[in-house]
Amino acid sequence: MSFAVKGKGLKARLPPAEGARTGLLVTALLLAFVSGCAALVYEVLWVKQLTLVVGADVYATTIGISAFFAGLALGNYVFGQRADLSERPLFLYGCLEAGVACCGLASTLLLFPAARWFVLVEEKAGLIAWVLPFALVSLPAFFMGGTLPVLVRTLTPSMGRLAHLGGRLYATNTAGAIAGCLLAPFFLIPTFGVRMSGLVAATLNLAAALMAFVLARNGKTRMTPIFATYGQRGQRNRLALVLYAVAGGLALGYEVTWSHAIVQWTNTRTFAFAVVLAVYLTGLVLGSACFSSAADRAVEPWAYFGLLISGAALCALLGIAVVGNWLGALQLKAATVIFTLTHVEALAIEARFIVAAIFFVLLPTFLLGAAFPFALRLSARESTPGRDSGAVIALNTAGGIAGTILTGFVLIPLLGVERSLGVLAICAAVIGLISVAQGKLVRQQLRWAVCVCAVAILATAVFLPSNHLANLLVASRGGRLLFHEPSAGGTVAIIEQPAGENRFRRLYIEGVSNSGDSLPSVRYMRLQALLPLIIHNGEPKSVLVIGFGTGITAGSLLRYPNLERRVCAELLPAVVRGSAFFNGNYGAGRNRQLEVRLRDGRHELLRNRESYDVITLEPPPPSASGVVNLYSSDFYELAARRLNRNGLFAQWLPLSTQKNEETRSLVRSFLDAFPYVTLWTTELHEMLLVGSREPIELDLARIDTRFIQPTVSTALREVGINSSAALLSTYVTDRAGLQRYVGNTPPTTDDRPRIEYGAWVSPGDIGKTLSLMIEERSALSLHNTDELFTAAMNAERDVLLNFYQAGLYALAHDQLRWQEIMTVILRRAPTNPYYRWSVSLTATKSVQSSEGMSGPTPNNRK
């Protein structure tokens, strides 16, 4: 085989047969790497696309992972047996890769329109609709699953080498998966979009197929089919398969619990998830690679297998038990060192994620990866390498499906993260004890080591507090815990925190801030609901709010009389239950005038053909993973079709959670969907885009009539909007001004989710974005007005813009100028509660740390 022996040095050192085997091994490892890389690119794309099909919630991730793993498991089993019967396993491998390329690309393209099909079928056939996304993901994964056992068969390992070579292939395939999971979010999707990224993955598959077909033409790669050596498995072989299948469920269970626990030390952005997954896979690679040779030489493989499984569980449990706020300090030190060396802020932020991921994930996954070659040693036979290696991987993958579903939908909602991890660890200890009981041990130390692990796991699981992570959150943020509830979609906590002389309550989901009831937050959320109702051209009767959060936006609808239908779409029931702890929402979570529908906002519009006079959005910031689905031009076009005549669509526009370029892209998407658009400022860090398919005509007489309604005026005066003039002073510009602001910036779409993959935001970015938007301010076109009202409105606007300038000085650590401007503002508006809120924060540091005068940190959603 000329490819294998190219180079004089290699020929001189190796006999021809050994050189050919070495070349074949190198080729197999390269193919395994490419295959793993393409597979993870597809998985990242499909999970992302499934949020568009079944809704941006936990079900999308679950159906994606379950379908992917189901296809892998079935492919491992079917093609593992087929590999042993093949004379040309490399040709079979090439066919599999070609199948992945065709089906993978087809699935990527078909998942875009699949949302409409899914909703249509679900309306008529219920659960049968889930077959559609399941099939689109599992079919290409079925061909992927066959690649690894076919490569194991291709190497035809000599007696005693199956565990070694199988472990190396597994490690290399997983290393390719690491490359794929980093390549997709950091380069492919931002550069090419989703569809083209699928094409890149398909190209990798086709390249691997072509290489396999070329090598398969060489007669030396032909092998003797294995027909008569299958026989019955021994009892211990079957036991090893069962135990490793359970271990697969535990491993994915750990991953689910980590995804809930680790976010408060990382971030909600896609990049953070990619880094954590890469570290997870790195542990598997290192463990499998380091122990692949030892597994073949081990005299007591059962004991080592049990020790590795129980040791991984103990490390996973101790990681949660011993973590403290010192980890945040360590992350900060690592970020500081990296920034000092590189002066690249993105690398410094990634360093924080890596530190957290290494602490929680690396050691347990290293031990789990090390267990794979031992599982091969115990359950696979050299006489049937393809079938047996395929069965090991298939059952382990099937166990992973069960572990994902049980942990995410049963254990965590019932027990919480800490107790769930304890249950998983105890199950692992049982596996360790069963394993070490098999056969006679030459070294009793191994038996004692497993027993010590089991005792340590039991003790840690019993004594670990069930609210340990919540207590750490309170300790790091300050304040006191008011509400804590685990759920499949995320653990919800509400903490009361100080803000200078004031106190407010903040909503945390998975340890990440989402919103609060500080006065500035109440201000923008009330305007989010009431402003579009007040300026509406007709008589609004129905409103849809997407995102419940603190309930303040949805609750504000209760203050507007004559509404006949008030609907809110929210993912997490725990968020609605926790809303009782927030001030300013008028009991929205318990009021029967408000209908709360527990589902994803985009899916609500797809599923339900109802139309509304006003739709207002207040989701998490667009940079958070998956939330871009509610900021794309595709979504805006869908929402526009759900508006009645003269209907208004109001989009919350945060300024401090993404860079100016991403904000431009978001605004461009909005402009592409709505021909008539106005921009309003609702708070220093927030603006409001209001769009319509018909002209937005502002009539002062109508606005005055609506504003003076007692419940409406009271709600707005509480947040510093004391008159119609103050309300209209928040107007910034029209479509023409926004067109100038966005320039030639391309829009954010489902295929090109630019905002989600934008650069990291820094505290100074809000100043740039706010200044550029204010520069485009234009005169308000207002009917039935007079000079007196115009003067009053301009005076209110002047005070408001000065207040914003003071806020920017505070963010720039210029306390002196902040105090100078605030003194003037309070002389002109001494009783305005919005302005007085910031004055109560007596130091610049307090100003910056409060919700009222600083934008969200990179670790905050809102």
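Given the structure is predicted, the values throughout are model-derived calculations rather than measurements. (Residues numbered from 1 in each chain as written. Predicted model: local features only at pLDDT ≥ 70, side-chain atom pairs only at ≥ 80, totals over all residues. Heavy atoms only, no water.)

**Student:** Report on the overall build of the chain, specifying residues and quantitative values.
**Tutor:** For the chain, the count of helices and strands is 30 helices and 14 strands. Counting the 862 residues in the chain, one finds 61% classified as buried. Taking the intrachain contacts of the chain between residues at least 6 apart in sequence as the baseline, contacts between residues at least 24 apart amount to 79%. Of the roughly 31,800 Å² of accessible surface on the chain, 61% is carried by carbon and sulfur atoms. Measuring between centres, the 74 positive side-chain charges of the chain sit 10 Å from its 56 negative side-chain charges. (Helix = DSSP H or I, 4+ residues; strand = E, 2+ residues; numbered from the N terminus. Buried < 20%, exposed > 50% of the residue type's maximum accessible area, 1.4 Å probe, protein only. Contact = heavy atoms within 4.5 Å. Areas by Shrake-Rupley, 256 points an atom, 1.4 Å probe, with all protein chains shown as cover. Lys, Arg positive; Asp, Glu negative; His and termini not counted. Charge placed at Lys NZ, Arg CZ, Asp CG, Glu CD.)

**Student:** A description of the sheet that holds strand E13 (residues 731-734) should follow, citing residues and the corresponding values.
**Tutor:** Paired through their backbone hydrogen bonds, the strands of a sheet run either parallel or antiparallel. Strand order in the open sheet formed by eight strands is E7-E6-E5-E8-E9-E11-E10-E13, and the pairing between neighbours is mixed. Edge positions in the open sheet fall to strand E7 (594-597) and E13, since each of these has one partner strand only. When the angles between neighbouring strand axes are averaged without regard to direction, this sheet yields 20 degrees. Bridging between strand E10 (residues 676-683) and strand E11 (residues 686-692) involves seven bridges; their strand directions are antiparallel. Directly across from Thr678, in E11, lies its bridge partner Val690. (Pairing = 2+ DSSP bridges. Axes fitted to C-alpha atoms, helices over the stretch in contact; angles between N-to-C directions.)

**Student:** Break down helix H5 (residues 114-125) for me, with residues and values.
**Tutor:** For H5, spanning twelve residues, the distance from its first C-alpha to its last is 16 Å, which sits close to the expected 16 Å at 1.5 Å a residue. For H5, the set of buried residues is Ala114, Ala115, Phe118, Val119 and Glu122. Buried residues of H5 fall within an arc of 135 degrees about the axis and therefore sit on the same side. Exposed residues pointing more than 90 degrees away from the buried face of H5 are listed as Arg116, Glu123 and Lys124. Directly after H5, the chain includes Gly126, whose backbone phi takes a positive value near 65 degrees. (Expected span 1.5 Å × (residues − 1). Arc of directions from axis to C-beta.)

**Student:** Any details on the pairing of strand E4 (residues 512-516)? Residues and values, ideally.
**Tutor:** Counting buried residues in E4 gives five out of five residues, a clear majority hidden from the surface. By the bridge criterion, four bridges tie strand E3 (residues 502-509) to E4 in an arrangement that is antiparallel. For Tyr508, the partnering residue across the bridge sits in E4 and is Ser513. In textbook terms, the turn of a hairpin is the stretch between consecutive antiparallel strands, and for E3 and E4 this stretch comprises two residues, one of which, Glu510, has a positive phi near 55 degrees.

**Student:** Now, about the packing of aromatic side chains: what can you tell me, with residues and values included?
**Tutor:** Remark: the centre distance and the inter-plane angle together describe each pair of aromatic rings, the angle taken between the planes. According to the stated counting rule, one finds 39 aromatic pairs in the structure shown. Seen from their ring centres, Tyr170 and Phe372 are 4.0 Å apart, and the 20 degrees between their planes marks the pair as stacked. Taken together, the positions of Tyr170 in helix H7 (residues 162-216) and Phe372 in helix H12 (residues 345-379) put the pair 202 residues apart, joining distant regions of the chain. Residue Tyr170 shares its accessibility class with Phe372, and that shared class is buried. With a centroid separation of 6.2 Å and 55 degrees between ring planes, the pair formed by Tyr244 and Phe305 is classed as tilted. Pair noted here: Tyr244 is in helix H8 (residues 235-261) and Phe305 is in helix H10 (residues 301-322), with a separation of 61 residues, a long-range link. Residues Tyr244 and Phe305 agree in their burial class; the two are buried. A cation over an aromatic ring shows up here: Arg195 above the ring of Phe112, its NZ or CZ 3.9 Å from the ring centre. (Phe/Tyr/Trp six-rings, centres within 6.5 Å; stacked < 30°, edge-to-face > 60°. Lys NZ or Arg CZ within 6 Å of the ring centre and 35° of its normal.)

**Student:** Could you give an account of the environment of Ala493, naming the residues involved and the relevant values?
**Tutor:** Relative to the helices and strands, Ala493 is located in strand E2 (residues 492-499). A relative accessible area of 5% means that Ala493 is categorised as buried. As a C-alpha pair, Ala493 and Ser771 span 278 residues in sequence and 35 Å in three-dimensional space. Beyond its immediate sequence surroundings of up to four residues, Ala493 is in contact with Leu473, Leu481, Phe483, His484, Arg506, Leu507 and Tyr508.

**Student:** Hey, could you go over empty space enclosed by the protein for me, with residue numbers and the actual values?
**Tutor:** Under the counting rule described, the total for this entry stands at five cavities of 30 Å³ or more. Taken as a whole, the largest cavity spans an internal volume of roughly 150 Å³. Together, 16 residues line the largest cavity, and Gln264, Leu469, Ala470, His484 and Thr491 are the ones closest to its centre. Contributions of two or more residues to the lining of the largest cavity are made by H8, helix H13 (385-436) and helix H15 (468-477). Tallied by class, the residues present in the lining of the largest cavity amount to eight nonpolar, six polar and two charged. (1 Å grid on protein atoms, 1.4 Å probe; cavity = no way out; pocket = protein on both sides within 12 Å on 5 of 7 lines; lining within 4 Å. Points joined across faces, edges and corners; volume = space filled by probe spheres on them. Nonpolar A, V, L, I, M, F, W, Y, C, P; charged D, E, K, R; others polar.)

**Student:** Quick rundown of the pattern of salt bridges? Include the residues and the values.
**Tutor:** With the rule as written, the count across this model stands at 20 salt bridges. A salt bridge links Arg195 to Asp751, with the shortest nitrogen-to-oxygen separation between them at 3.7 Å. Taken together, the positions of Arg195 in helix H7 and Asp751 in the loop between helix H25 (735-742) and helix H26 (765-775) put the pair 556 residues apart, joining distant regions of the chain. Look at Arg195 and you get partly exposed, because its relative accessible area is 35%. (Salt bridge = Lys/Arg side-chain N within 4 Å of Asp/Glu carboxyl O.)

**Student:** Which residues make up a nonpolar patch on the surface, and what are the values?
**Tutor:** Taken together, Leu182, Leu183, Phe186, Phe187, Phe192, Met196 and Leu199 make up a surface patch of nonpolar side chains, about 550 Å² in accessible area. Relative to the helices and strands, Leu182 resides in helix H7. (Patch = residues over 30% accessible without salt bridge, like charges linked within 9 Å, V, L, I, M, F, W, Y side chains within 5 Å.)

**Student:** Can you break down the packing of helix H16 (residues 519-535) against helix H23 (residues 710-717) residue by residue, with the values?
**Tutor:** Closest axis-to-axis distance for the H16/H23 pair is 11 Å, and the angle between their directions is 140 degrees. The orientation of H16 relative to H23 falls into the category oblique. Classified by chirality, the crossing of H23 by H16 is left-handed. Seen from H16, the contacting residues are Arg526, Leu527, Leu530 and Ile534; seen from H23, they are Val712, Ala715 and Leu716. Counted by class, the contact of H16 with H23 contains six nonpolar, no polar and one charged residues. (Parallel < 35°, antiparallel > 145°, perpendicular 65-115°, else oblique. Left-handed = near helix turned anticlockwise from the far one by under 90°.)

**Student:** Which residues make up the side chain of Arg269, and what values do they have?
**Tutor:** With respect to the helices, strands and loops of the structure, Arg269 is situated in the loop between H8 and helix H9 (270-297). It is Glu662 that comes nearest to the buried, bridge-free Arg269 among opposite-charge side chains, at 6.8 Å. Separated by 3.2 Å, the side chain of Arg269 and the backbone oxygen of Glu756 make a polar contact. In this structure, Arg269 is in contact with Ser623, Ser625, Ile755, Glu756, Tyr757, Gly758, Ala759 and Trp760, ignoring residues within four places of it in sequence. (Polar contact = N/O pair within 3.5 Å; in protein donor to acceptor, adjacent residues only side chain to side chain.)

**Student:** Residue-level account of helix H11 (residues 326-342), with values.
**Tutor:** Note: α-helices contain 3.6 residues per turn, so residues at a spacing of three or four share the same orientation. In this model H11 runs 24 Å from its N-terminal to its C-terminal C-alpha over 17 residues, within 8% of the 24 Å that 1.5 Å per residue would give. Along H11, the positions that sit buried rather than exposed are Leu327, Gln331 and Ala335. The buried residues of H11 all sit within an arc of 75 degrees when viewed along its axis, so they share a single face. The exposed set on the far side of H11, more than 90 degrees from its buried face, consists of Lys333, Thr340 and Leu341.

**Student:** So what's going on with the packing of H10 against H12? Which residues, and what values?
**Tutor:** Two quantities define a packed helix pair, namely the angle between the axes and the distance from one axis to the other. One way to put it is that H10 packs onto H12 with a least axis distance of 8 Å and a crossing angle of 165 degrees. Judged by the angle between their axes, H10 and H12 are roughly antiparallel. Relative to H12, the crossing made by H10 is left-handed. In terms of residue class, the contact of H10 with H12 is built from 22 nonpolar, two polar and one charged.

**Student:** Account for the sheet that holds E3, with residues named and values stated.
**Tutor:** Read across the sheet, four strands follow the order E1-E2-E3-E4 without closing on themselves; strand pairing throughout is antiparallel. Edge strands, defined here as strands with exactly one partner in the open sheet, are strand E1 (480-485) and E4. Averaged over neighbouring strand pairs, the angle between their axes works out to 30 degrees when direction is ignored. Examined bridge by bridge, E1 and E2 share five bridges and lie antiparallel to one another. Within the sheet, the bridge partner assigned to Arg480 lies in E2 and is Glu496.

**Student:** Lay out the confidence of the model for the chain with the relevant residues and their values.
**Tutor:** Across the chain, the average pLDDT comes to 87, with 90% of residues at or above 70. When the criterion is pLDDT under 50, residues 1-16 qualifies, and its contacts beyond four places in sequence or with other chains add up to 20 contacts. Contacts from residues 227-231, a stretch scored under 50 in pLDDT, to residues over four places away or in other chains number ten contacts. (pLDDT = per-residue confidence, 0-100.)

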